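Results of the structural survey
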Amino acid sequence: MQEEMAQREEAELRRSHQKPRSPQGWGLLLALWYLAFYKPVITEGHLRRKNIEFIFIRFSAWQYAGCDKLWAGLVTTLCDNIRHHFGALPLSVYHVMGTRPRFASGFSQKEWVLKTGTCLKLWGMLFILSAGLAVLLVALLVPGIKDNHAMKVVGSAIASLSGSSLALGVFSILKNLLVSEKQKIERLTNSERFASQLGFMSKVRREVEVLVDFLSFMEIFERRRLRVVLEITSLDICYPEKVAGVLNAMNTLLSDANAPFIFILAVDPSVIVPCLEETGCMKGLADNGYLYLNRTVTLPFSIPEMGARSRLRCLEAAVQTREDLMYRIITSNLERRRGKCWGVPTVPNRREVDAEAVRCIHEAFHCLHDAADPLARYLPTNGAHVRRIVNTIPITLRLLLHRAGTPGTPSPRAAAAWVVLADQWPCRLSWVLQCLEDAWQSQPAPDFAARSLWSIFQENMGELSTLRQPLRNALSLDGDPELFQTFLAGDFPFTARDARAFLGVTVNLDHSIRHKMGLLRALNRLQ
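Right, let's walk through the structure included here. Keep in mind the model is a prediction, meaning the values are calculated, not measured. (Residues numbered from 1 in each chain as written. Predicted model: local features only at pLDDT ≥ 70, side-chain atom pairs only at ≥ 80, totals over all residues. Heavy atoms only, no water.)

Observations regarding the packing of helix α15 (residues 350-369) against helix α17 (residues 412-424)
- Direction vectors running N to C along α15 and α17 enclose 60 degrees, while the axes themselves pass 8 Å from each other. In terms of orientation, α15 and α17 fall into the oblique class. Relative to α17, α15 is oriented so that their crossing is right-handed. Contacts between α15 and α17 involve C360, E363, A364, C367 and L368 on the former and, on the latter, P412, R413, A416 and V420.
- Its residues placed into classes, the contact of α15 with α17 shows seven nonpolar, no polar and two charged. (Axes fitted to C-alpha atoms, helices over the stretch in contact; angles between N-to-C directions. Helix = DSSP H or I, 4+ residues; strand = E, 2+ residues; numbered from the N terminus. Parallel < 35°, antiparallel > 145°, perpendicular 65-115°, else oblique. Left-handed = near helix turned anticlockwise from the far one by under 90°. Contact = heavy atoms within 4.5 Å. Nonpolar A, V, L, I, M, F, W, Y, C, P; charged D, E, K, R; others polar.)

So, the sheet that holds strand β1 (residues 38-42)
- Strand order across the open sheet formed by three strands is β3-β1-β4, with mixed pairing between neighbours. Across the chains shown, the open sheet's two edge strands, defined by having one partner strand only, are β3 (102-103) and β4 (112-114).
- The pairing of β1 with β3 spans two bridges and is classified as parallel. Within the sheet, the bridge partner assigned to V41 lies in β3 and is R102.
- Across the sheet, helix α2 (residues 26-37) is in contact with β1 and β4; its angle to β1 comes to roughly 95 degrees. (Pairing = 2+ DSSP bridges.)

A word on empty space enclosed by the protein
- Going through the model one piece at a time under the given rule, you end up with one cavity of 30 Å³ or more.
- As a volume, the largest cavity reaches approximately 40 Å³.
- The wall of the largest cavity is formed by E9, E12, S16, Q18, K19, P20, R49, N51 and R223.
- Split into classes, the residues belonging to the lining of the largest cavity amount to one nonpolar, three polar and five charged. (1 Å grid on protein atoms, 1.4 Å probe; cavity = no way out; pocket = protein on both sides within 12 Å on 5 of 7 lines; lining within 4 Å. Points joined across faces, edges and corners; volume = space filled by probe spheres on them.)

Re the pattern of salt bridges
- On inspection of all chains with the given rule, the structure shows 20 salt bridges.
- One salt-bridge network, held together by shared partners, links E9, E53, E222 and R224. (Salt bridge = Lys/Arg side-chain N within 4 Å of Asp/Glu carboxyl O.)

A short note on the side chain of N508
- When you line up the elements, N508 lands in the loop between α23 (496-503) and α24 (511-526).
- For N508, a relative accessible area of 7% translates into the label buried.
- Here V419 takes part through its backbone oxygen, which lies 3.1 Å from a polar atom of the side chain of N508. (Buried < 20%, exposed > 50% of the residue type's maximum accessible area, 1.4 Å probe, protein only. Polar contact = N/O pair within 3.5 Å; in protein donor to acceptor, adjacent residues only side chain to side chain.)

Focus on the pairing of strand β5 (residues 225-233)
- Most of β5 sits out of view: seven of its nine residues are buried.
- Two strands pair when backbone bridges link them, and strand β2 (residues 52-60) and β5 are joined in this way by nine bridges, in the parallel orientation. Paired with I55 across the bridge in β5 is V228.
- The pairing of β5 with strand β6 (residues 261-265) spans five bridges and is parallel.

Things to note about α17
- In a regular helix each residue adds 1.5 Å, so 13 residues correspond to 18 Å; α17 covers 18 Å between its end C-alpha atoms and thus fits that length.
- Taking burial as the measure, the 13 residues of α17 include 12 buried ones, the bulk of the element.
- Those residues of α17 that are buried lie in contact with α15, α16 (383-402), α18 (426-441), α19 (453-459), α22 (481-491) and α23. (Expected span 1.5 Å × (residues − 1).)

Overview of the packing of aromatic side chains
- Taken as a whole and assessed by the stated rule, the structure comprises 23 aromatic pairs.
- Ring geometry for W112 against F217: centres 5.3 Å apart, planes inclined by 70 degrees, an arrangement best described as edge-to-face. Taken together, the residues span a long stretch of sequence, with W112 in strand β4 and F217 in helix α9 (residues 200-222) at a distance of 105 residues.
- Taken together, the ring pairs in this structure connect Y378, W418, W425, W454, F457, F484, F487, F492, F494 and F502 into an aromatic cluster.
- Here R521 stacks its cationic end above the ring of W431, 5.4 Å away from the centre of that ring. (Phe/Tyr/Trp six-rings, centres within 6.5 Å; stacked < 30°, edge-to-face > 60°. Lys NZ or Arg CZ within 6 Å of the ring centre and 35° of its normal.)

Focus: the sheet that holds β6
- Here we have three strands laid out as an open sheet, ordered β2-β5-β6, and parallel in their pairing. Each edge of the sheet is formed by a strand with only one pairing partner; in this case those strands are β2 and β6. Averaged over neighbouring strand pairs, the angle between their axes works out to 20 degrees when direction is ignored.
- Packing of helix α10 (residues 240-253) onto the sheet brings it into contact with β5 and β6, and relative to β6 it is tilted by some 155 degrees.

Description of a nonpolar patch on the surface
- A cluster of nonpolar residues, M1, F56, I262 and I264, forms a patch on the protein surface that exposes about 310 Å² of accessible area.
- Along the chain, the position of F56 falls in strand β2. (Patch = residues over 30% accessible without salt bridge, like charges linked within 9 Å, V, L, I, M, F, W, Y side chains within 5 Å. Areas by Shrake-Rupley, 256 points an atom, 1.4 Å probe, with all protein chains shown as cover.)

So this is what it looks like as structure tokens:
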């Protein structure tokens, strides 16, 4: 994401020749000036900007596991990190004087409009304050008028009223500067009347809306898009009701279509799903935690099991942290120098790899759009599932290209078909893959790799039928069984060899389902 951010910044600079601004140094004074006296306008030129800045926020759920409302910890972490990133002063001024960005009327490219009313009010108060001070000074200093108490009272009253209005605005800014959004929410949650405080959620929502509007303002000021990336970790070691609270808070923050939030949810589904099914948040979803996750997550990424090279790399990284084994680093450096002397195969240019990836992605999407291609009729009618497929295909193809050195690399059409298969029939595909894994471990016949996945499924379908009760939630995720047969037996007859090639890059399949099947299969055989 950092590399993507840098590339987009360079491309936008070449296109528009406008450097992005930052609310630091002189930029802070400029930001305060715009906050006080100008209204931001979302123009067509702003919408065309492709440069983006990611604001990374890490939220460890375990750190807030002791509080009554874990989701309140998520919101306070969000507020605190945004305040820290931009500074307390711009956010405090925005609370008092900032205005929400509005869309431009017509094709105007003017991004800032003067606040006429604010300027008139300010000049009016300054004029009245000056007049009051002038009257008061005349009543105090000019001979012959010193004894006129009426002039003194009028002058002091005018000066006090106009000065108090200005002082009230300054006091509001100082109050927001000293009392952060995090402290406001914590004060509400610590209140003894927290449980019966009807306006609590509306107040929290109001604070979040102010943050979203402030981010929209800063987008126009900085001349780039802003996205807040929240990395949620350690959720699978919290109590079930708190897990559900965090997921509900995520859905609340993402309820606005234009919300600038990206959530990276790093969890173990085999732990999260039972937690969700134990709470009351599953009403109306047939008590199925997998279904709830499918409707919440728009880009599933199940990390495949480590291969041999990855395990060796992980071991090497662990070994290098030991001071008594640091000589291995020196040895690896010597081997690298020796490899340079003897010559090593050249690595493809990153630009060439990206160009090849774009070509493959376009080819895969063309198959989905082509009505004559059989793959198009297997696309789901649910919009969320379509987005998952569209998001997953580019990642799968890039991972396949990363492994391009291996023989028998699948085509982009086959990769797109495999992604659709994993999305539409995750339980049945997991069962086939588990049967394949067990067969590979028992050293099958040499021609086993050429067997079709459908024949393997047919051979083990009776055993799956005996396990349908413990696997009922996973089976409910699957689409039409007849279409599954048509898919594997007719249109896309994948073989065991194809499954082995795809298994390492299958990121949209929940591998915890397959692990559960392996355990149930082993227990069933013991009986």
